[in-house]
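Each chain is listed here by its residues.
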Amino acid sequence: MYNIETILEEIMIKTLKESAEKFMEEGEYEQAKRMYFNALRLSEKLVEVDEDKFLPLVAKVSKSIATMYEEVNIYDLAIKYYRQTISVNKKVGVDAEKIANSYFALGNLCRRDFRYEDAERYYTRALNIYLDLPVSKADSIEKKVINIYHHLSVICGAMGKVQETKDAYMQLLNIYKDLVTDEDDNHKPELAMVLFNLGTLYFKHNRRNKASEVYLFALELLLYLDSKDTYSYKETIAHTLHNLGQIYTEQLDYPAALSAYREALNHFIELADGNPSRYGSEVALVFKHLASFYKQQNRMDLAEYFYLRQIELYRELNHYNDSTYDFVLASAIIEGVEHYGQHSITLYEAEAILRSYEDEMKVEEVLEKISILREEMSLS
């Protein structure tokens, strides 16, 4: 039996916590903070009376404080009190899923604060606990496990961890293949995006055969989804086809490459009609690759045609987007002299554009290229 002071302090903690929650609902964060910390101080004092009874209360108040700081985007303190919650809960021996949930919350906080190494560590700890839980818990944790793998794919990709990124995508594929059925379209959009992202990972790291294999699976699913919802998947389909065009060109499969480029171009043009500032550059990039495609086959009339379409579009985009495309336009002009038989006088235009560009290091490299190109042309 506790003395009257302990009983009153326990009642006070409950009252302070309820008042803090009310202040939080009303947006009175300073008042809530004061109440929570008073509750925490009293909880820690009562631990000395009965550790087994009052340590769980310390964990609950610490978690409330962490949640409060998370809500007002004070990440350092939110992380501190989530870690304190985990530390106390481990001493208490609470349900492992609760500890995993706190690690998951820590991972989310660190990810939002761009602390990717810490986020990866906390997500991995949460994941290890979730995957070790009994089978009976599978349904309740499935969504969290999927979210963790999605987050890991993004943050590991941002850190340049190729194998870890690939592993996250492969785990997602294993999960979705068991969830997706022919009769039910649920999860098919998520599966399509995982396939597209995995294909793009292979593409960026020059594993072209694997990229094309995965892209084709993604494309089949994307086209099916597009037949149900015409606009939502058009951009992803266009990017998939564009990248396939580049892969087929490298593999010298020109008919397949041309078909992919044409389809990609149709999709990007349709998107650009509705949003030219966003998708106009994608159309220009397809023109650039079509020019290279025809040059590779020594069909210079078509190569020059698509090169000029690219230049025309970049000039128009630059005119309406406040010099956003200065550097890419100047680089394209230089490429025209170097590869598409354009007159060297156009180099003066590229030079003039570059003189007003802010990234001096980038500009110096390109100006040096112009100088070398002029010298080479003077000797020819």
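Heads up: the structure comes first, above all this text.
Residues numbered from 1 in each chain as written. Predicted model: local features only at pLDDT ≥ 70, side-chain atom pairs only at ≥ 80, totals over all residues. Heavy atoms only, no water.

1. Some words on the overall build of the protein
When helices and strands are counted, the protein shows 17 helices and 0 strands. The globule rule puts the C-alpha radius of gyration for 380 residues at 21 Å, and the 29 Å found for the protein is more than 25% above it. Overall, the protein is about 100 × 50 × 35 Å in size when its C-alpha atoms are taken along their principal axes. Split into buried and exposed, the 380 residues of the protein put 44% on the buried side. Long-range pairs, those at least 24 residues apart, make up 54% of the contacts in the protein between residues at least 6 apart in sequence. Split by element, the accessible area of the protein, about 20,800 Å² in all, is 50% carbon and sulfur. Computed over 44 positive and 63 negative side-chain charges, the inter-centroid distance for the protein is 5 Å. (Helix = DSSP H or I, 4+ residues; strand = E, 2+ residues; numbered from the N terminus. Rg over C-alpha atoms; globule rule 2.2 N^0.38 Å. Buried < 20%, exposed > 50% of the residue type's maximum accessible area, 1.4 Å probe, protein only. Contact = heavy atoms within 4.5 Å. Areas by Shrake-Rupley, 256 points an atom, 1.4 Å probe, with all protein chains shown as cover. Lys, Arg positive; Asp, Glu negative; His and termini not counted. Charge placed at Lys NZ, Arg CZ, Asp CG, Glu CD.)

2. Let's talk about the state of the cysteines
Among covalent bonds in proteins, the disulfide is the one between the sulfur atoms of two cysteines. For the structure shown, the criterion picks out 0 disulfides. Its sulfur unpaired, Cys 156 is 14 Å from the next cysteine sulfur, which belongs to Cys 110. Exposure remark for Cys 156: the relative accessible area of 2% places this residue in the buried category. (Disulfide = S-S within 2.5 Å.)

3. Focus on the environment of Asp 118
Mapped onto the secondary structure, Asp 118 falls in helix H6 (residues 116-131). C-alpha separation for the pair Asp 118 and Asn 108, spaced 10 residues apart in sequence, amounts to 10.0 Å.

4. Brief notes about unusual backbone geometry
Even without being a glycine, Leu 252 presents a positive backbone phi close to 65°. With respect to the element layout, Leu 252 can be found in the loop between helix H11 (234-250) and helix H12 (254-274). When its relative accessible area of 54% is taken as the criterion, Leu 252 is described as exposed.

5. Focus: the packing of helix H13 (residues 276-296) against helix H14 (residues 300-320)
One can describe the packing of H13 onto H14 by two numbers: an axis separation of 8 Å at closest approach and a directional angle of 160°. The pairing of H13 with H14 is recorded here as roughly antiparallel in orientation. Crossing handedness for the pair H13 and H14: left-handed. Facing Pro 276, Gly 280, Ser 281, Val 283, Ala 284, Leu 285, Phe 287, Lys 288, Leu 290, Ala 291, Tyr 294 and Lys 295 of H13, the residues of H14 in contact are Met 300, Leu 302, Ala 303, Phe 306, Tyr 307, Arg 309, Gln 310, Leu 313, Tyr 314 and Leu 317. Looking at side-chain class alone, the contact of H13 with H14 contains 16 nonpolar, 3 polar and 3 charged residues. (Axes fitted to C-alpha atoms, helices over the stretch in contact; angles between N-to-C directions. Parallel < 35°, antiparallel > 145°, perpendicular 65-115°, else oblique. Left-handed = near helix turned anticlockwise from the far one by under 90°. Nonpolar A, V, L, I, M, F, W, Y, C, P; charged D, E, K, R; others polar.)

6. Regarding the packing of aromatic side chains
Each pair of aromatic rings is reported with the distance of its centres and the angle of its planes. Per the stated rule, a full pass over the model turns up 16 aromatic pairs. Ring plane angle 45° and centroid distance 6.0 Å describe the contact between Phe 196 and Tyr 215, whose orientation is recorded as tilted. Remark: Tyr 215 occurs in helix H10 (residues 208-228) and Phe 196 occurs in helix H9 (residues 188-204); sequence separation between them is 19 residues. Here Phe 196 and Tyr 215 have matching classes, each one buried. Pairing Tyr 254 with Phe 293 gives two aromatic rings, centres 5.7 Å apart and planes at 80°, and the pair type is edge-to-face. (Phe/Tyr/Trp six-rings, centres within 6.5 Å; stacked < 30°, edge-to-face > 60°.)

7. As for a nonpolar patch on the surface
Taken together, the side chains of Ile 4, Leu 8 and Ile 11 present a nonpolar region at the surface, about 320 Å² in accessible area. Note that Ile 11 resides in helix H1 (residues 4-25). (Patch = residues over 30% accessible without salt bridge, like charges linked within 9 Å, V, L, I, M, F, W, Y side chains within 5 Å. Salt bridge = Lys/Arg side-chain N within 4 Å of Asp/Glu carboxyl O.)

8. Comments concerning the nonpolar core
Generally speaking, a soluble globular protein has its nonpolar side chains buried in company with each other. Counting 125 residues, the largest nonpolar core has Ile 65, Tyr 130, Ile 148, Leu 152, Leu 290 and Leu 354 as the members making the most contacts within it. If one sorts the elements of this core by residue count, helix H3 (residues 51-71) sits on top with 10 residues. Here Leu 152 is in contact with Glu 120, Tyr 123, Thr 124, Leu 127, Gly 157 and Ala 168, once residues within four sequence places are set aside. (Core = buried A, V, L, I, M, F, W, Y, C linked by side-chain atoms within 4.5 Å.)

9. Looking at H12
Along its 21 residues, H12 runs 31 Å from first to last C-alpha, staying within 8% of the 30 Å computed at 1.5 Å per residue. Of the positions making up H12, those classed as buried are Ala 257, Leu 258, Ala 260, Tyr 261, Ala 264, Leu 265, His 267, Phe 268, Leu 271 and Ala 272. Against the buried residues of H12 lie H11 and H13. (Expected span 1.5 Å × (residues − 1).)

10. So, the pattern of salt bridges
What the rule picks out here adds up to 22 salt bridges. A salt bridge links Glu 10 to Lys 53, with the shortest nitrogen-to-oxygen separation between them at 3.4 Å. Here Glu 10 is found in helix H1, whereas its partner Lys 53 is found in helix H3, with 43 residues between them in sequence. The exposure class of Lys 53 is partly exposed, given its relative accessible area of 38%. One salt bridge connects Asp 178 with Lys 177, and the closest N-O pair in it is separated by 3.5 Å. You can call Lys 177 exposed: its relative accessible area is 53%. Three or more residues joined by partner-sharing salt bridges are found here, namely Glu 5, Glu 9 and Lys 45.

11. Overview of the environment of Lys 234
Positionally, Lys 234 belongs in helix H11. Take Lys 234: its relative accessible area is 3%, and that puts it in the buried class. The sequence separation of Lys 234 and Asn 321 amounts to 87 residues, and the corresponding C-alpha distance is 24 Å. If we ignore the near neighbours within four places in the chain, the residues touching Lys 234 are Asp 226, His 267, Glu 270 and Leu 271.

12. A closer look at the packing of H9 against H11
Two elements in contact, H9 and H11, have axes separated by 11 Å at closest approach and are oriented at 30°. As summarised for this structure, H9 and H11 are arranged roughly parallel, according to the angle between their axes. At the point where H9 passes H11, the crossing takes the left-handed sense. Contact with H9, carried on its side by Met 193, Phe 196 and Phe 203, involves Thr 236, His 239, Thr 240, Asn 243, Gln 246 and Ile 247 of H11 and no other residues of that element. Classifying every residue of the contact of H9 with H11 gives 4 nonpolar, 5 polar and no charged.

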